[in-house]
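Summary of the model geometry
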Amino acid sequence: MHVDRLWTNAQLVTLRADLPALGVIENATIASKDGRIVYAGTQAEQPLIKATETIDCEGRWITPGLIDCHTHLVHAGNRSREFELRLEGATYEEIARAGGGIVSTMTATREATLEELVASALPRLDAMLAEGVTTIEIKSGYGLSLYDEMKMLLAAAELGRQRSVSVAATFLGAHALPPEYAGNPEGYIDAVCSEMIPAVAAAGLASAVDAFCEGIGFTPGQVERVLAAARDHGLQVKLHAEQLSNLGGAALAAKFGALSADHLEHLDEAGVAAMAAAGSVAVLLPGAFYFTREDRKPPVGMLRTHGVPMAIATDCNPGTSPLTSPLLAMNMAATFFRLTVDECIAGMTREAARALGRLHEVGTLEPGKICDLAIWSIERPAELVYRIGFNPLYMRIREGER
């Protein structure tokens, strides 16, 4: 068998379902051809392979490329002043109701050109790529008009062209109520459902639709309309749910077969059971929990009991999680939410891929999958979760290329 590249003398974290825990294979090799994995196993069982290039990993560990499945990477401006206000005692809800929060970022984003949005997002993206990210979800949601939401989605697509990374774009038009619809949330939801979602679907700029189901966002009834419109236009659904209160958003998302429900600090057992039945992923966002100084944690034990997969993401955004480190997100998930090392690593690879509907392509090291790899100078996988402010990435591989 002739391949493009062969990585030898490696330890693999495969995340394969047929192997226990992380699916570790020691003394292993991994081979790629035309950007896909053709072999990932022990050197002893390796078939006869002739490679154009052979790389000696010198005992390093290889995981699937990291996947950040929940970000708001594209935006203009920052909200450092709101950070100061929170330190002085203001709550997230108080800031939002006073005209800050999402609407303040909306103003800056509307004023920015497409080129300016791309330029401002690139440093954030580069920080993530430097820690092994090969797939990233990017939401809109700071434009809150058809023109500006499309501008954000075009910026997300351009980021994927300017960097070697797979971008999964999500339309989040139902993120907040823009000023021009003050006092008329139903009118805005009408625009989201009848104007924005059809246009986004027709342009092929997003694969999923998200919404903010919350007291300072939109009601379950309004969100249900958004999810139904997404489904009618062939788009997958995700949902910001149960972050600040329990409005039954997770169960509502599950009703529509959602890929994921995200945040979930106020999730109850009925919501957990609904997610389990639907196969929806729980996306945990410890950066937002930390940054907003919340004290209610997602019900991790309940999620385990019901067998709900758990993913981890940075939730990179200017207001509640200005975090661009997937490695720190894993450490936070372990420290705050008490996830195990295995759960953290799976949460930023296999389960993150599941949360994007891309597990058939990425998230594990198996023949047929895209050859997205992160090669680490570590002695054991726990170091990826244990260290703070230290990046042991040795090499990032995207579609078989360095």
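Residues numbered from 1 in each chain as written. Predicted model: local features only at pLDDT ≥ 70, side-chain atom pairs only at ≥ 80, totals over all residues. Heavy atoms only, no water.

Quick notes on the UniProt feature "binding site: 4-imidazolone-5-propanoate" (unreviewed entry) in the protein chain
Using the residue numbers shown here, the UniProt feature "binding site: 4-imidazolone-5-propanoate" (unreviewed entry) corresponds to Arg-79, Tyr-142, His-175, Gln-243 and Thr-320. Its location among the elements puts Tyr-142 in the loop between strand E7 (133-139) and helix H5 (146-162). Judged by its relative accessible area of 2%, Tyr-142 is buried. If we skip the residues at most four places from it in the chain, Tyr-142 touches His-72, Val-74, His-75, Ile-102, Thr-105, Met-106, Thr-109, Glu-149, Met-152, His-175, Asn-317 and Pro-318. Considering the arrangement of structural elements, one finds Gln-243 in the loop between strand E10 (236-241) and helix H8 (249-255). Residues contacting Gln-243, with those up to four places away along its chain left out, are Phe-212, Glu-214, His-263, Leu-264, Glu-265, His-266 and Ala-288. (UniProt positions renumbered as here; feature names shortened; annotations may be inferred. Helix = DSSP H or I, 4+ residues; strand = E, 2+ residues; numbered from the N terminus. Buried < 20%, exposed > 50% of the residue type's maximum accessible area, 1.4 Å probe, protein only. Contact = heavy atoms within 4.5 Å.)

Topic: the UniProt feature "binding site: Zn(2+)" (unreviewed entry) in the protein chain
Per the UniProt record, "binding site: Zn(2+)" (unreviewed entry) is annotated on His-70, His-72, His-240 and Asp-315. A maximum C-alpha distance of 12.3 Å places the annotated residues, which cover 246 residues in sequence, within one compact spot. Tracing the backbone through its elements, the reader meets His-72 in the loop between strand E6 (66-68) and helix H1 (80-87). Take His-72: its relative accessible area is 2%, and that puts it in the buried class. Mapped onto the fold, His-240 is located in strand E10. Those residues in contact with His-240 that sit more than four places away from it in its chain are His-70, His-72, Lys-139, Leu-172, Asp-210, Ala-211, Phe-212, Cys-213, Asp-262 and His-263.

As for the packing of aromatic side chains
Applying the stated criterion across every chain, the model contains 6 aromatic pairs. Ring geometry for Phe-83 versus Phe-291: centroids 5.0 Å apart, planes at 20 degrees, classification stacked. Placement of Phe-83 in helix H1 and of Phe-291 in helix H10 (residues 286-291) is noted, with a sequence separation of 208 residues between them. The exposure class assigned to Phe-83 is partly exposed, which follows from its relative accessible area of 34%. Since its relative accessible area comes to 18%, Phe-291 is described here as buried. Through pairs of rings, three or more aromatic residues link up here, namely Phe-289, Tyr-290, Phe-336 and Phe-337. (Phe/Tyr/Trp six-rings, centres within 6.5 Å; stacked < 30°, edge-to-face > 60°.)

Let's talk about unusual backbone geometry
Most peptide bonds adopt trans geometry, and most residues besides glycine take a negative phi value. Backbone geometry at Ala-21 places phi at a positive 50 degrees, although glycine is not the residue there. One can find Ala-21 in the loop between strand E1 (2-13) and strand E2 (24-33). Taking the relative accessible area as the measure of exposure, Ala-21 reaches 55% and is therefore exposed. A positive phi is found at Glu-58, a non-glycine position, where the angle reads about 55 degrees. Mapped onto the elements, Glu-58 comes out in the loop between strand E4 (50-56) and strand E5 (61-64). With a relative accessible area of 55%, Glu-58 lands in the exposed category.

Considering the pairing of E1
Among the 12 residues that make up E1, 9 are buried, leaving the element largely enclosed by the rest of the structure. By the bridge criterion, 6 bridges tie E1 to E4 in an arrangement that is parallel. By the bridge assignment for E4, Trp-7 is matched with Ile-55. Here 6 bridges tie E1 to E2, and the two strands are oriented antiparallel to one another. When the bridges of E2 are listed, Val-13 appears paired with Val-24. Where E1 and E5 come together, 2 bridges link them in parallel fashion. The residue bridging Leu-12 from the neighbouring strand is Ile-62, located in E5. (Pairing = 2+ DSSP bridges.)

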